[in-house]
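Tertiary structure, described
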Amino acid sequence: MFKIALAQTRVHPGNPRQNAAIMKDFIAKAKAAHCDIVVFPELSIPGYFIGDIWDQPDYIDECVRFGDEIRDLSQGIAIIFGNVAKETDRVNLDGRTRKYNAMFIAYNGKWLSPARSPYPFYIKTLLPNYREFSDIRYFTSLIEVAQERHAFPEDFLSPVQIPFDDGRKFRIGPLICEDSWDENYPFKPMHYLGKMYDIDLFVNVSNSPFTLGKTQRRHRLFGQAIDKIHCPAIYVNCTGIQNNGKNIYTFDGASSTYQKDGSHHSACTPFTEELLIVDFDETTQAFTSPSKVQPEKSQIEDIYDSLHYGLKHFMDTIGVHKVVIGVSGGIDSAVNAALYATVLPPENILLVNMPSCYNSDMTKSLAKELADNIGCLYTVIPVQDSLELTRKQFSETILHQGQADKGHLALTSFIEENIQARDRSSRILSAAAAAFGGVFTCNANKAETSVGYATLYGDSAGYLAATADLWKHQVYELAHYLNDKVFGREVVPQGSIDIVPSAELSNKQDVTKGQGDPLIYPYHDYLFAAFVERWQRATPESILNWYIDGTLEKNIGCAVDVHKLFPTAKEFIDDLERWWRLLAGFAVAKRIQSPPILSISRRPFGNDLREAQLTPYFTTRYLELKERLLSESF
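Residues numbered from 1 in each chain as written. Predicted model: local features only at pLDDT ≥ 70, side-chain atom pairs only at ≥ 80, totals over all residues. Heavy atoms only, no water.

The positions that UniProt labels "domain: CN hydrolase" (unreviewed entry) are, in the present scheme, residues 2-282. This span, residues 2-282, is 24% helix and 31% strand, and a straight line between its end C-alpha atoms measures 7 Å. (UniProt positions renumbered as here; feature names shortened; annotations may be inferred. Helix = DSSP H or I, 4+ residues; strand = E, 2+ residues; numbered from the N terminus.)

If you want it as structure tokens, here you go:
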């Protein structure tokens, strides 16, 4: 019988000293519990998302030294962990130091390696190069190593045998993260190892960020793969947060054990550092300790847990514990304020209402109600005087060209809307944050971010956009969840949930008359999601094809009847093109300059969905369909 410890540790990216200290503490606990094996996550010493720090040889050397310290603690216990490995006498094609994303196995102070490997570690075979991952930029894969040596990957892929002092020998199948998610790769490491070798246990070490639905999908796919090769497995992932500059990712861990029939046997608590100890009978190849499976959560529970965890740890990471939030009385700012109230004491939260003549008494009272519900600090700083000052300045400012008088710049209603938005963020909130000793937030949602329905340097500004990866309907769901489950009382005012969403920046946006945003969220949420989040991303051509076929609602997942929203084909096409031109056009420029996002979806904006500033493009097929459809309408 073997006692195996799954060390679900928090990985601090860019801080190998702290990570090594955490590992040493967990190793001591595993030894105290008389464990035979302790397993840590992928890249548990350097972290994963550290940008081009990977190109600092001194940093790599530091990580290697800490890896050696971990090896020296392996007296009487096998330690399996992920770290960077380097090969000093080789460089990559671009001249940079040769590095590997590697699994190290240490026992009695010595490295153990796959029997057929030319290195004292296992090299990650499949390097992801999609979404937020850029492994190929930094690491060399086992496949490339084989090619350089004029061999096949199979020639270097083999189990690692641990020779325990009592004479027992234990064979593990080493895998690093992507090596198990091989359905779209021509070479499948897990399948090959399971087919060719007698393995006691697969060990997958991962550094895998949380995404909505990923944990359930992982259990399903991993279980199916295990069942095919009929060999048990453990999966060890990290907790914590990591970022690539534009996206803040949370890591939920979800470290697990699986029986050889693929059934899920036990799992660590999500978003929690934990040492999960399990008993494993090598003769029957089965986990014999009591099963401990986490209950499946609803999507909104996962959303809240990830945002709450990410927000708390990001503020800790940057050393900020006070926040200023501009509150309008609407749903987005109310949800952001309530979310911050789950991680900060009320005295560290300042809500600021900044009305102009266009703000209704209804929304102003809702802003105050929100502050009272939270019990936080609250103030009102109107922007009307500064708007009047700007109007006066522009009316009196003459344009000159040589000796000629060219009049003055005229402010339209639209320009004045943006003046108010910029005044609120760039002047008032930034000054309030400095005076309060904190930061101010961006309260954006994903629908508005998609099409740039926010003012550049205005409400698109802030230190972090905590809810910018949530569609509007998810913001409403989160409001209900916060009230019903988190606080158990009304914190987000019901009026903010019921009121029509509106910027209230002109007399054409009067909420008391039901004048709201130009976005029809029950439709546009799903239209924009089709443009952004689908793996095979939709374009206007796809949308128009589905519209013609009568399958649009089904394909994008919306519940509204598009033909009732847009009675004619022309109205539908005009709306489609309006938002596509913004989404693929100027909204990109706004997103490039936007704050980092707490990322939870399968395609958040930022370095996950990589964009270039281009002219919006309509395919030839789209233009043909449009012409045909419009001609048939007359």
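One can find Leu544 in helix α16 (residues 540-549). Residue Leu544 is classed as buried on the basis of its relative accessible area, which comes to 0%. Between the C-alpha atom of Leu544 and that of Leu623, which follows or precedes it by 79 residues, the distance is 9.9 Å. For Leu544, the residues in contact, after removing those within four places along its chain, are Phe572, Ile573, Tyr622, Leu625, Lys626 and Leu629. (Buried < 20%, exposed > 50% of the residue type's maximum accessible area, 1.4 Å probe, protein only. Contact = heavy atoms within 4.5 Å.)

The terminal C-alpha atoms of helix α15 (residues 521-532) lie 15 Å apart, and with twelve residues this matches the ideal 16 Å at 1.5 Å per residue to within 8%. Buried residues dominate α15, accounting for ten of its twelve residues. Those residues of α15 lying buried are Tyr521, Tyr523, His524, Asp525, Leu527, Phe528, Ala529, Ala530, Phe531 and Val532. For α15, the secondary structure elements touched by its buried residues are α12 (446-451), α13 (472-487), α16, α17 (552-556), α18 (562-565) and α19 (569-583). (Expected span 1.5 Å × (residues − 1).)

This brings us to the sheet that holds strand β10 (residues 233-236). Within the open sheet, the six strands sit side by side as β7-β8-β9-β10-β13-β14. Their pairing is mixed. Looking at which strands have only one partner, the edges of the open sheet turn out to be β7 (160-163) and β14 (264-267). In this sheet, neighbouring strand axes are inclined to one another by 25° on average, regardless of whether the strands run parallel or antiparallel. On top of the sheet, helix α5 (residues 189-196) reaches β8 (169-176) and β9 (201-205); it is set at about 160° to β8, its chief contact. (Pairing = 2+ DSSP bridges. Axes fitted to C-alpha atoms, helices over the stretch in contact; angles between N-to-C directions.)

Where α16 meets α19, the axes come as close as 11 Å, and the angle between the chain directions of the two elements is 160°. Between α16 and α19, the angle falls in the class roughly antiparallel. For the pair α16 and α19, the crossing hand works out as right-handed. Side by side, α16 and α19 meet where Pro540, Ile543, Leu544 and Tyr547 of the first sit next to Ala569, Phe572, Ile573, Leu576 and Trp580 of the second. Of the residues assigned to the contact of α16 with α19, the class counts are nine nonpolar, no polar and no charged. (Parallel < 35°, antiparallel > 145°, perpendicular 65-115°, else oblique. Left-handed = near helix turned anticlockwise from the far one by under 90°. Nonpolar A, V, L, I, M, F, W, Y, C, P; charged D, E, K, R; others polar.)

This part is about the packing of aromatic side chains. Using the criterion set out here, one finds 37 aromatic pairs in the structure. Measuring from ring centre to ring centre gives 5.7 Å for Phe81 and Phe104, while their planes differ by 20°; the resulting arrangement is stacked. Of this pair, Phe81 sits in strand β3 (residues 78-91) while Phe104 sits in strand β4 (residues 97-107), placing them 23 residues apart in sequence. With respect to burial, Phe81 and Phe104 carry one shared label: buried. Aromatic side chains Phe222 and Tyr235 sit 6.4 Å apart centroid to centroid with 70° between the ring planes, which places their arrangement in the edge-to-face category. Note that Phe222 is positioned in helix α6 (residues 214-229) and Tyr235 in strand β10, a separation of 13 residues in sequence. Classification of Phe222 as buried rests on a relative accessible area of 1%. An aromatic cluster is present here, built from Tyr48, Phe49, Tyr130, Phe133, Tyr249, Phe251 and Trp535 joined pairwise through their rings. Positioned above the aromatic ring of Phe2 is the side chain of Arg168, whose terminal nitrogen or guanidinium carbon lies 4.0 Å from the ring centre. (Phe/Tyr/Trp six-rings, centres within 6.5 Å; stacked < 30°, edge-to-face > 60°. Lys NZ or Arg CZ within 6 Å of the ring centre and 35° of its normal.)

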